[in-house]
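Notes for the structure review
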Amino acid sequence: MSASDGTAHRADGDFTTLDVEWREDRVVVQLHRPEARNAINATMIAELHRVCERIEAEPRPLLLTGHGTVFAGGADISELRERGREEALAGINSRLFERLHRLRAPTVAAVDGYALGGGAELSYACDIRIATPTAVFAQPEPGLGIIAGAGACWRLRELVGASVAKQVLLGGYRLDAEAALRHGLVAEIVPSGELRERAHALIDRMAASSALALRMTKMVLDADGPHPLADDLTQAVLFESADKHERMTRFLERKKR
């Protein structure tokens, strides 16, 4: 029987922002901060590092999704507002996403609803994305006085091309599911109720292949570049700006109304 039938897996309750299942041939991770639209905070980053560490020791495909009808509504703005130069240079989010991207096994992001800011960048770090009709990818960071510093400035360009990436990153355009499919950002659009099933079917196909062949194929496909260092240096300058702090403060104050 396929592992996608729900057998042969163990749920790990030792997380506060994630629901994690360790299966024989895959790991299933659900971002779980429903009170914050699954926004990525420091705790989630630390817990995702723990997941990566386990997969590095025991390589197997990863399925990443979000709780409810949203993938991830971005990074936690209340935390971002307080970050400065040192935090930017530490690459808190970018280092995790790079670690995820470099896992030796394939990774799949199943996106339902919003994947905004850091949430979109988290999905870009995965090897393959599938989406529901309500999926939306967007990078609102410049409106908050910062860059999309955890991979979008270069991964999105690699995924959809420079023109579309500039429309999203500079023009503030959002890619809905149809646009994401048209530009190759997602592999397919599936009904929300079938998202998990179709994602598991994809991993079933991966699990049927040679794990070593997939690992070597991924290694050849991935190429090194100047990132994420360039992202971190740019973000370090912006994190110290008064404009960034004022914009994020206005954002948080609007949320309280």
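Because the structure is a prediction, the values reported are computed rather than measured. (Residues numbered from 1 in each chain as written. Predicted model: local features only at pLDDT ≥ 70, side-chain atom pairs only at ≥ 80, totals over all residues. Heavy atoms only, no water.)

In this structure, N41 sits in the loop between β3 (27-31) and α1 (42-57). Those residues in contact with N41 that lie beyond four places of it in its chain are T17, R33, D76 and E79. (Helix = DSSP H or I, 4+ residues; strand = E, 2+ residues; numbered from the N terminus. Contact = heavy atoms within 4.5 Å.)

What follows is about the domain arrangement of the protein. Interface size is commonly expressed as the accessible area that is lost once the parts come together. Its domain assignment divides the protein into domain 1 (18-208) and domain 2 (211-255). Centre-to-centre, using C-alpha coordinates, domain 1 lies 12 Å away from domain 2. Between domain 1 and domain 2, a total of about 2700 Å² is buried, with carbon and sulfur atoms accounting for 60% of that surface. Taken together, the links from domain 1 to domain 2 amount to 2 salt bridges. We note a salt bridge from K218 to D127, for which the minimum N-O separation is 2.9 Å. Put simply, domain 1 and domain 2 have 14 residue pairs in polar contact (both at pLDDT 80 or more) between them. Looking at the side of domain 1 that touches domain 2, the elements that each hand over two or more residues are α2 (77-82), α3 (85-90) and α4 (92-101). (Domains from an automatic or database assignment. Buried area = accessible area lost by both parts, 1.4 Å probe. Salt bridge = Lys/Arg side-chain N within 4 Å of Asp/Glu carboxyl O. Polar contact = N/O pair within 3.5 Å; in protein donor to acceptor, adjacent residues only side chain to side chain.)

In this section: the packing of α1 against α4. It is at 10 Å that the axes of α1 and α4 come closest, and there the two elements cross at 25°. Overall, the two elements α1 and α4 adopt an arrangement that is roughly parallel. α4 is crossed by α1, and the crossing has left-handed handedness. Residues I45, L48, H49, C52, E53 and E56 of α1 pack against I92, N93, R95, L96, F97, R99 and L100 of α4. By residue class, the composition of the contact of α1 with α4 is 7 nonpolar, 2 polar and 4 charged. (Axes fitted to C-alpha atoms, helices over the stretch in contact; angles between N-to-C directions. Parallel < 35°, antiparallel > 145°, perpendicular 65-115°, else oblique. Left-handed = near helix turned anticlockwise from the far one by under 90°. Nonpolar A, V, L, I, M, F, W, Y, C, P; charged D, E, K, R; others polar.)

All right, on to empty space enclosed by the protein then. Enumeration over the complete set of coordinates arrives at 1 cavity of 30 Å³ or more. As a volume, the largest cavity reaches approximately 60 Å³. Among the secondary structure elements, those contributing two or more residues to the lining of the largest cavity are α1, β4 (62-66) and α4. Counting residues per element, the lining of the largest cavity draws most heavily on α1, at 3 residues. The residue inventory of the lining of the largest cavity, partitioned by class, reads 8 nonpolar, no polar and no charged. (1 Å grid on protein atoms, 1.4 Å probe; cavity = no way out; pocket = protein on both sides within 12 Å on 5 of 7 lines; lining within 4 Å. Points joined across faces, edges and corners; volume = space filled by probe spheres on them.)

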